[in-house]
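Descriptive structure summary
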Amino acid sequence: MTDKQAHTGHTVEKIGGTTMSRSRELIDSLYKREGPDGTPYNRVFVVSAFGGITDLLLEHKKSGTPGVYGLFANADNDHAWSDALNKVAEAMCDTHGEILSEPGDQRMADDFVRERIEGARSCLIDLQRLCSYGHFRLNEHMLTIRELLSGLGEAHSAFVTSLLLNREGVNARAVDLTGWRDDEVVTLEERITRAFEDVDFATELPVVTGYAQCKGGLMREFDRGYSEVTFSQIAALTGAREAVIHKEFHLSSADPKLVGVEAVQKIGRTNYDVADQLSNMGMEAIHPRAAKTLRRAGIPLRVANAFEPEDPGTLIDEEAAGEPRVEMVTGLGVYALELFEQDMVGVKGYDTTVLDVLTRHKVRIVAKSSNANTITHYVDAPLKSVRRVEQDLRKLYPSAELSARNLAIVAAIGGDLSGLKVMLRGLSALDAAGIEPIAVQQTTRDVDVQFVVPKDKMADTIRQLHKELVEPAETAGKTAELHAA
């Protein structure tokens, strides 16, 4: 951070892909809150690729349909992945064609896409040719290829957004951290520090790629969560006053599609402890590693609705929870991997062995429980990964009984749940609704209570718990009281 940048009180703000695709709607409400009329900008925007582009480059995030990366990894010929790369170029041009209104800007964006796409195509062709020789193995380069392809999306969105804003009178500057044609490998900290050396936060608005090429690679550890890691590092390294994530919705007490728009409540204020619990349940306000970076730097995080600029959103910081309350009810589909071994009683090592196998297969643990002869891990993973874990454990413990059940965990989460009788009230509400939990657990920290239910009961469980634990005081407890009567 230079002397010019010091003490500017700037914010670092991240915009997700779906929101990015509506950039034209955000010109006045988001990007132009401060203008070139003497008021300092003091803002940095970190952008994701436009909606759907990363899916085309890598694979569809939900369906797993292969994009360029997946087709290249399993290529029998050049046509499939090369055709997919053409589709990426078309999608990019269609996207910025809708966002940019000036023909000159559109031509510049078209040229940018052509240069990046054809550069990537040449790289992949050369790599295929090189790996046709026995001394070179394609699988050794696939992570690098994944990073190269991913960076194309963010470079495009940063370039297009800077063109859009400059046309609107904003002194925007695209900051490309993707390392395109860079012949030097540096750390993430070095990459960011060098990129911001001559940036004046007061007089220009940096629009930065969410992907940053660096030593070791971001995707090796974070895969598609890399943009939030980049975002948090920029905030920490530039000494931001606040970090902001702009979404299409508020951070709310439940999914409004499940419980109704009128029933949900904006969280408003919470802490990083709650953010960690949300992340564990797949409801990431921010990637856990990014949250750790901000927490250590003493930077609060604000989650805001990009389309409601007058609303301050939800502030997440290190402050202790205020009045006890349930802040969110959310659910996650899991597999309950259960190992029963009669001879486990009094014998050490079973738990460590199971954890080693889960780690080897990169299976994420959401929760766990155990008794004298049974260990159950609730995991968030594809069924094929769970089956591989089962196979390994059967070899290690041939006399054990192993099972994997498709269930769901619904969690009631809050910074302080003490005195609320969340477990008791929750069980009463579910009983009144005819829902029988398979398991329930609560830790001594009083930040969450988890109800394990059949997968097909997850939505109903969320609705019932939200009605009982979150909705207005005049209805809270009503279900339990009726049931008790």
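Residues numbered from 1 in each chain as written. Predicted model: local features only at pLDDT ≥ 70, side-chain atom pairs only at ≥ 80, totals over all residues. Heavy atoms only, no water.

**Focus: the overall build of the protein**
For the record, the criterion: Helix and strand assignments come from DSSP, with helices taken as H or I runs of at least 4 residues and strands as E runs of at least 2, each series counted from the N terminus. Note on method: radius of gyration uses C-alpha positions; expected globular size equals 2.2 Å times residues raised to 0.38. In this description, contact between two residues means that some pair of their heavy atoms is separated by no more than 4.5 Å. Per-residue and other accessible areas were derived by the Shrake-Rupley procedure at a 1.4 Å probe size, with only the shown protein chains allowed to occlude residues. Note that His is not counted, nor are the chain ends; the positive residues are Lys and Arg, and the negative ones are Asp and Glu. The location of each charge is read from NZ of Lys, CZ of Arg, CG of Asp or CD of Glu.
From N to C terminus, the protein includes 18 helices and 14 strands. Since a compact globule built from 485 residues should have a radius of gyration of about 23 Å, the 25 Å found for the protein is in line with a globular shape. The principal-axis extent of the C-alpha atoms belonging to the protein is close to 70 × 60 × 40 Å. Expressed as a percentage of contacts within the protein between residues at least 6 apart in sequence, the contacts between residues at least 24 apart total 76%. By element, 48% of the accessible surface of the protein is carried by carbon and sulfur atoms, the whole surface being about 22800 Å². For the protein, the centre of its 55 positive side-chain charges and the centre of its 73 negative side-chain charges are spaced 3 Å apart.

**Notes on the packing of aromatic side chains**
Note the cut-off: Each Phe, Tyr or Trp ring (for Trp, its six-membered ring) is paired with any other whose centre lies within 6.5 Å, and the angle between the two planes then decides the class: stacked below 30 degrees, edge-to-face above 60, tilted in between. Burial classes: relative accessible area under 20% of the type maximum marks a residue as buried, over 50% as exposed, and values in between as partly exposed (1.4 Å probe, protein chains only).
Counted by the stated rule, this structure contains six aromatic pairs. Judged by centre distance (5.4 Å) and plane angle (85°), the rings of Phe72 and Trp81 are edge-to-face. Considered together, Phe72 and Trp81 belong to a single accessibility category, that of buried residues. Aromatic side chains Tyr211 and Tyr226 sit 5.6 Å apart centroid to centroid with 90° between the ring planes, which places their arrangement in the edge-to-face category.

**A few points about the pattern of salt bridges**
Oppositely charged side chains may form a pair once their charged atoms are brought near each other. What counts is decided by this rule: Should a side-chain nitrogen of Lys or Arg be within 4 Å of a carboxyl oxygen of Asp or Glu, the pair is scored as a salt bridge.
Scanning the entire structure with this criterion turns up 31 salt bridges. A salt bridge links Arg194 to Glu184, with the shortest nitrogen-to-oxygen separation between them at 3.2 Å. Of this pair, Arg194 sits in helix α8 (residues 188-195) while Glu184 sits in the loop between β3 (172-175) and α8; the two residues are ten residues apart in sequence, bridging distant segments of the chain. Glu184 gets classed as partly exposed once you look at its relative accessible area, which sits at 38%. Note that Glu390 and Arg387 form a salt bridge whose closest N and O atoms lie 2.6 Å from each other. Taken together, the residues span about one helical turn, with Glu390 and Arg387 both in helix α15 (residues 383-396) at a distance of three residues. Among the residues examined, Glu390 registers a relative accessible area of 6% and is labelled buried. By relative accessible area, which is 38% here, Arg387 ends up partly exposed. Among the charged side chains, a salt-bridge network with shared partners connects Asp55, Glu59, Arg146, Asp223 and Arg224.

**Side note on the nonpolar core**
To keep it simple, the criterion reads: Among buried residues, those of type Ala, Val, Leu, Ile, Met, Phe, Trp, Tyr and Cys that are joined through side-chain atoms within 4.5 Å constitute a nonpolar core.
Leu149, Phe196, Ile234 and Leu301 are the most contacted members of the largest nonpolar core, which has 105 residues in total. Here this core takes eleven residues from helix α7 (residues 142-167), the largest share from any one element.

**Side note on α8**
Note the following rule: The directions considered for the arc are those from the helix axis to the C-beta atoms.
Turning to α8, its buried residues number three or more, namely Leu188, Arg191, Ile192 and Ala195. For α8, the buried positions fall inside an angular range of 90° around the axis, keeping them on one side. Taken together, the buried residues of α8 touch β3 and α10 (226-237).

**Structural notes on the environment of Ile365**
On the secondary structure map, Ile365 appears in strand β10 (residues 364-370). Classification of Ile365 by relative accessible area gives partly exposed; the value is 28%. Along the primary structure Ile365 and Lys395 are separated by 30 residues, whereas in three dimensions their C-alpha atoms are 21 Å apart. When sequence neighbours within four positions are dropped, the list of residues in contact with Ile365 reads Asn280, Leu355, Leu358, His377, Tyr378 and Val379.

**A look at the packing of helix α5 (residues 79-99) against α7**
Just so we agree on the cut-off: Orientation is described by lines fitted to C-alpha atoms, with helices fitted over the stretch in contact, and by angles between N-to-C directions that extend from 0 to 180 degrees. For classification, angles of less than 35 degrees are called roughly parallel, those exceeding 145 degrees roughly antiparallel, those between 65 and 115 degrees roughly perpendicular, and all remaining angles oblique. Crossings are sorted by hand: turned counterclockwise from the far helix by less than a right angle, the near helix makes the crossing left-handed, and turned clockwise it makes it right-handed.
For the pair α5 and α7, interaxial distance at closest approach is 11 Å and the crossing angle is 20°. As judged from the angle between their axes, α5 and α7 are roughly parallel. For the element pair α5 and α7, the recorded crossing hand is right-handed. The residues of α7 that touch α5, namely those facing Leu85, Met92, His96 and Ile99, are Leu149, Leu152, Gly153, His156, Val160 and Leu164.

**With respect to unusual backbone geometry**
We note that Asn42 has phi near 50°; this positive angle belongs to a residue other than glycine. Take Asn42: it is sitting in the loop between α2 (27-31) and β2 (43-47). A positive phi angle, near 45°, is found at Asp223, a position not held by glycine. Within the secondary structure layout, Asp223 lies in the loop between α9 (219-222) and α10.

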